[in-house]
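# Breakdown of the fold
Each chain, written out:
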Amino acid sequence: MKELQFDRILNMFNYFDGVIITDERGVIEYYFNSRSDIYSLRMDPIGKNILEVHPYLTEETSSIMRVLKTGKPIYDQIEHLKTEHGQTVTNVYSTFPIVRDGVCVGAIDMSRSVDDKTHQNITRQHIVLPGNTEEKALYQLGDIVTECPQVLELKKRIPLIADTNSAVMIYGETGTGKELIAQSIHTAGKRREKPFISQNCAAIPSTLLESILFGTVKGAYTGAEDRPGLFEMADGGTLFLDEINSMEPAMQAKILRAIEEKQVMRIGGSRTVRFDVKLISALNEEPCVCMEQGKLREDLFYRLSTVLVELPPLRERGTDVFLLSDRFICQNNKVMNKSVLGLSEEVRDIFRMYTWPGNVRELRNVIEGAFANLRSQVIQKDNLPSYMTQSYDEEELRLMAQDTEMSLEEKVAALEKRLILQALDSSPSERTAADRLKISKQSLNYKLKKYDLKTAISRH
């Protein structure tokens, strides 16, 4: 463990309030807490197991013990700790494995104290430093899965965008994958060996955001310590500011000045610090609308949008919904040790009709949620959230009822076909499907031939 040079690691991640480093057994070998004013331990934690220091934790609830067991990092978790005075302290923490020669030999846990109103809106500062193996966790060009012409064209542009120092602005609805594009630009360019830092600016108070971006000097305010801001920490690399349109105008003016001068002054400080970063920003609303409504300063927009990238919503990306579904199914199969084959025909119809207001993020969550109550190797309608299926049922029936070109017989046939498909998708065999429909096996075979549904049951 001594070979890991703890001080060097801490300097890399010195944005955090507290750091705990343990060996492979969970025994604490390094402990740092700069917020002893609000949280302190009665005992010296060095040499003690993390479960001894925090007896209310278990091997299942302790992030350190989970990371030591799985070897996988944990990001952006919220924890509530009890102080010796009975007060509750809210922390945002991330825990990472220390791997040597393919073996997990310890863990690093980093946390920052926040108040309850703020912690919901603070996201992980995603930092990748020279020689750090976490670079593999960043998205790369090959992670962009698409058949959409607009996104394919963007994939061709990314290497060109990445090799310039020009500021990039990404516009797209919430959940369209703006950080995926930002990380891909970073990993495709000449700054790939330097830090990549991400900050979501949404709903964070300007005073807190200013200290996050510009840094602080000890004594600037109660509890302030000497800490670099994100501009300093990203020096030589990439700084990604998401939802910049949520930032207050006064803060936008300070950002603009820092960018123009390529230097910052820490809060409470008296000297400036120069930086060299590739700045990528993102909006979840149209830039013109943001400027008209006063959410985005025009001068900041023109400074940040040297390269303007627009991401189409998922509903406009055609078959991408199924490509991405396959990707998420594969990912969940690995994580949950399952062997799900894909989507039922009915679910595919639902996905085609659904407008995906949450875009790719919503699709990923829907697939993950389906895995939680899956009973077969195919995702069925019953595995989807009710808001999706109810909307689908209502829309399908509405369209059918309004179709003046369909006869009553045709509408009845369409509804019968749909009920048969539902029964087939949720049954292990034709006989079981027939039983659920309360018809004979012969009647079901007749209807399958009548509606040409034999191909739909090839998997049964």
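What you see is a predicted model, and the numbers here were worked out from it, not measured in a lab.

Scanning the protein chain for helices and strands turns up 18 helices and 16 strands. The buried share among the 460 residues of the protein chain stands at 48%. Across the protein chain, the fraction of contacts at a sequence separation of at least 24, relative to all contacts at a separation of at least 6, is 65%. Carbon and sulfur atoms form 50% of the exposed surface of the protein chain, whose accessible area is close to 23500 Å².

Here we take up the pairing of strand β1 (residues 18-23). Regular strands have side chains that alternate between both faces of the sheet. Counting buried residues along β1, six of its six residues qualify, which places the element largely inside the surrounding structure. Where burial is concerned, the two faces of β1 agree: the one with Gly18, Ile20 and Thr22 and the one with Val19, Ile21 and Asp23 are both buried. Here β1 runs beside strand β2 (residues 28-33); their pairing, made up of five bridges, is antiparallel. Opposite isoleucine 21, over in β2, you have tyrosine 30 as the bridge partner. Connecting the antiparallel pair β1 and β2 is a turn made up of four residues, with glycine 26 showing a positive phi of about 90°.

Quick look at the packing of helix α7 (residues 206-214) against helix α9 (residues 249-261) now. Orientation of α7 relative to α9, taken along the N-to-C sense of each, is 15°, at an axis distance of 11 Å. By the angle between their axes, α7 is roughly parallel relative to α9. Once α7 is placed against α9, the crossing between them reads as right-handed. Residues Ser206, Leu209, Glu210, Leu213 and Phe214 of α7 form the contact with α9, whose own contacting residues are Met251, Lys254, Ile255 and Ala258. When grouped by side-chain class, the residues that make up the contact of α7 with α9 number six nonpolar, one polar and two charged.

Strand order across the open sheet formed by five strands is β7-β10-β13-β6-β14, with parallel pairing between neighbours. Each end of this open sheet is capped by a strand with a single partner; those strands are β7 (196-200) and β14 (307-310). Going across the sheet, the axis of each strand differs from the next one's by a mean of 15°, ignoring polarity. The sheet contact formed by strand β6 (residues 168-171) and strand β13 (residues 278-283) spans four bridges and is parallel.

The next point concerns the packing of aromatic side chains. Per the stated rule, a full pass over the model turns up six aromatic pairs. Seen in terms of ring centroids, phenylalanine 351 and tryptophan 356 are 5.0 Å apart; in terms of plane orientation they differ by 80°. Their pairing is edge-to-face. For the pair shown, phenylalanine 351 and tryptophan 356 are each scored as buried. Between tyrosine 354 and tryptophan 356, the aromatic rings sit 4.8 Å apart at their centres with planes inclined by 85°, giving edge-to-face as the arrangement. For the pair tyrosine 354 and tryptophan 356, a shared accessibility class is recorded, and that class is buried. Connected via pairs of aromatic rings, a cluster forms that spans Phe351, Tyr354, Trp356 and Tyr387. Lying over the aromatic face of phenylalanine 322, arginine 348 brings its terminal NZ or CZ to 4.1 Å of the ring centre.

Glancing now at helix α14 (residues 359-372). Here α14 spans 21 Å end to end across 14 residues, near enough to the 20 Å set by a 1.5 Å rise per residue. Those residues of α14 not exposed but buried are Asn359, Val360, Glu362, Leu363, Val366, Ile367, Ala370 and Phe371.

Below, the discussion takes up unusual backbone geometry. One non-glycine residue, glutamate 243, adopts positive backbone phi at about 50°. Residue placement: glutamate 243 occurs in the loop between β10 (238-242) and α9. The residue lysine 262 is not glycine, and still its phi comes out positive at about 55°. Relative to the helices and strands, lysine 262 is located in the loop between α9 and β11 (263-265). In this structure lysine 262 comes out as partly exposed when scored by relative accessible area, which is 44%.

When pLDDT is averaged along the protein chain, the result is 81; 80% of the residues meet or exceed 70. Ignoring residues within four places in sequence, the model shows residues 115-136, a span with pLDDT below 50, making 55 contacts including any to other chains.

Glancing now at the pattern of salt bridges. For the coordinates displayed, the defined rule picks out twelve salt bridges. The partner of aspartate 320 in a salt bridge is arginine 317, with the nearest N and O atoms 2.8 Å apart. Here arginine 317 falls in the buried class, since its relative accessible area comes to 7%.

What counts and what doesn't
- Residues numbered from 1 in each chain as written.
- Predicted model: local features only at pLDDT ≥ 70, side-chain atom pairs only at ≥ 80, totals over all residues.
- Heavy atoms only, no water.
- Helix = DSSP H or I, 4+ residues; strand = E, 2+ residues; numbered from the N terminus.
- Buried < 20%, exposed > 50% of the residue type's maximum accessible area, 1.4 Å probe, protein only.
- Contact = heavy atoms within 4.5 Å.
- Areas by Shrake-Rupley, 256 points an atom, 1.4 Å probe, with all protein chains shown as cover.
- Pairing = 2+ DSSP bridges.
- Axes fitted to C-alpha atoms, helices over the stretch in contact; angles between N-to-C directions.
- Parallel < 35°, antiparallel > 145°, perpendicular 65-115°, else oblique.
- Left-handed = near helix turned anticlockwise from the far one by under 90°.
- Nonpolar A, V, L, I, M, F, W, Y, C, P; charged D, E, K, R; others polar.
- Phe/Tyr/Trp six-rings, centres within 6.5 Å; stacked < 30°, edge-to-face > 60°.
- Lys NZ or Arg CZ within 6 Å of the ring centre and 35° of its normal.
- Expected span 1.5 Å × (residues − 1).
- pLDDT = per-residue confidence, 0-100.
- Salt bridge = Lys/Arg side-chain N within 4 Å of Asp/Glu carboxyl O.

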